[in-house]
Amino acid sequence: MAPTPHDDGSQGVKEESMASQTATRPISSLLLIIAMQTEALPLVNKFQLTEDADSGFPKGVPWLRYQGNYKDLKINIVCPGKDTALGVDSVGTISASLVTYGSILALQPDLIINAGTAGGFKAKGASIGDVFVASDVAFHDRRIPIPVFDLYGVGLRQAFQTPNLLKELNLKVGKLSTGDSLDMSPQDEASISANDATIKDMEGAAIAYVADLLKVPAIFIKAVTDITDGDKPTAEEFLQNLAAVTAALDLAVTQIVDYINGKRLSEL
Ligand code: ADE
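Described in the following lines is the structure provided in the data block. (Residues numbered from 1 in each chain as written. Predicted model: local features only at pLDDT ≥ 70, side-chain atom pairs only at ≥ 80, totals over all residues. Heavy atoms only, no water.)

1. Re the packing of aromatic side chains
- Evaluation of the coordinates by the stated rule reveals 2 aromatic pairs.
- When the ring of Phe-57 is compared with that of Trp-63, the centres are 5.2 Å apart and the planes differ by 75 degrees; the resulting orientation is edge-to-face. Grouping residues by exposure puts Phe-57 and Trp-63 together as buried.
- When the ring centre of Phe-139 is taken as reference, the NZ or CZ atom of Arg-142 above it lies at 3.9 Å. (Phe/Tyr/Trp six-rings, centres within 6.5 Å; stacked < 30°, edge-to-face > 60°. Buried < 20%, exposed > 50% of the residue type's maximum accessible area, 1.4 Å probe, protein only. Lys NZ or Arg CZ within 6 Å of the ring centre and 35° of its normal.)

Shown next as structure tokens:
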């Protein structure tokens, strides 16, 4: 890009050299984005993070930031926090996009990990308690049947690829489909099937969109709380399994963070 009269081009050079530095030096700053506080708190304790009252976020937002050093990493865990009117976790794509945007600007992470729970399809090999790394993410509730807008709606993106991590930790891999509902309408089901998804969540593709926009690599770790093509009501099964599956998720995330420690992006 040519410099404007007020721009000597140094910002572009700075950004470029930061990107190439991240490729050649070990990862130093990790941002974990976790929608539900129940899922985040065991990791906050594990990494001995503390809540930062001076979060660097806009005044009045409910977003929570826990930060600290773990091994050679600066770790920030960010949650969208409680809905200011209703007091429940701010799940879903809108809050996820906003908190991802705000966190990248405030914290300049080298890598984003979106960790959370998901529904799983038994027909695609998912079982309760499985932990998946998403290979690709896409939306299933943005149907725009006009050429090219249809593809924009689906918003397919590849996660940052981590072949060595997958081999070392023996994690399951599958495609992730994102929408703003816990349940699944027949239209959602058709779109999820078109996305070839094994797991479904409420944040992944939105976080991928923002991470891609701001050129931060992102990976997606999802633990299965409910079987979407099973016979149990989703909300009931989700609540029943949330605590046990969160423990499995947090164990996997800890193993992944331990694996990342001391490595460059290109080594993952
Ligand atoms: N998180 C956990 N289970 C889910 C489901 N069935 N759909 C969307 N997000 C989920």
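2. Some points on the pairing of strand 3 (residues 64–70)
- Where burial is concerned, most of strand 3 is hidden: 6 out of the 7 residues are buried.
- Relative to strand 3, strand 2 (residues 50–51) runs antiparallel, the two sharing 2 bridges. Across the sheet, Thr-50 pairs through a bridge with Gln-67, a residue of strand 3.
- In this structure, strand 3 lies alongside strand 4 (residues 73–79), joined through 7 bridges in antiparallel fashion. Each residue of the ladder has a partner; that of Tyr-66, found in strand 4, is Ile-77. (Helix = DSSP H or I, 4+ residues; strand = E, 2+ residues; numbered from the N terminus. Pairing = 2+ DSSP bridges.)

3. As for helix 2 (residues 37–46)
- For helix 2, the set of buried residues is Gln-37, Glu-39, Ala-40, Leu-43 and Val-44. Burial along helix 2 is one-sided: seen end-on, the buried residues are contained in an arc of 145 degrees.
- Contact partners of the buried residues in helix 2: strand 1 (29–33), strand 3, strand 4, strand 5 (111–120) and helix 8 (234–260).
- One or two positions beyond helix 2, positive phi appears at Gln-48, with a value near 55 degrees. (Arc of directions from axis to C-beta. Contact = heavy atoms within 4.5 Å.)

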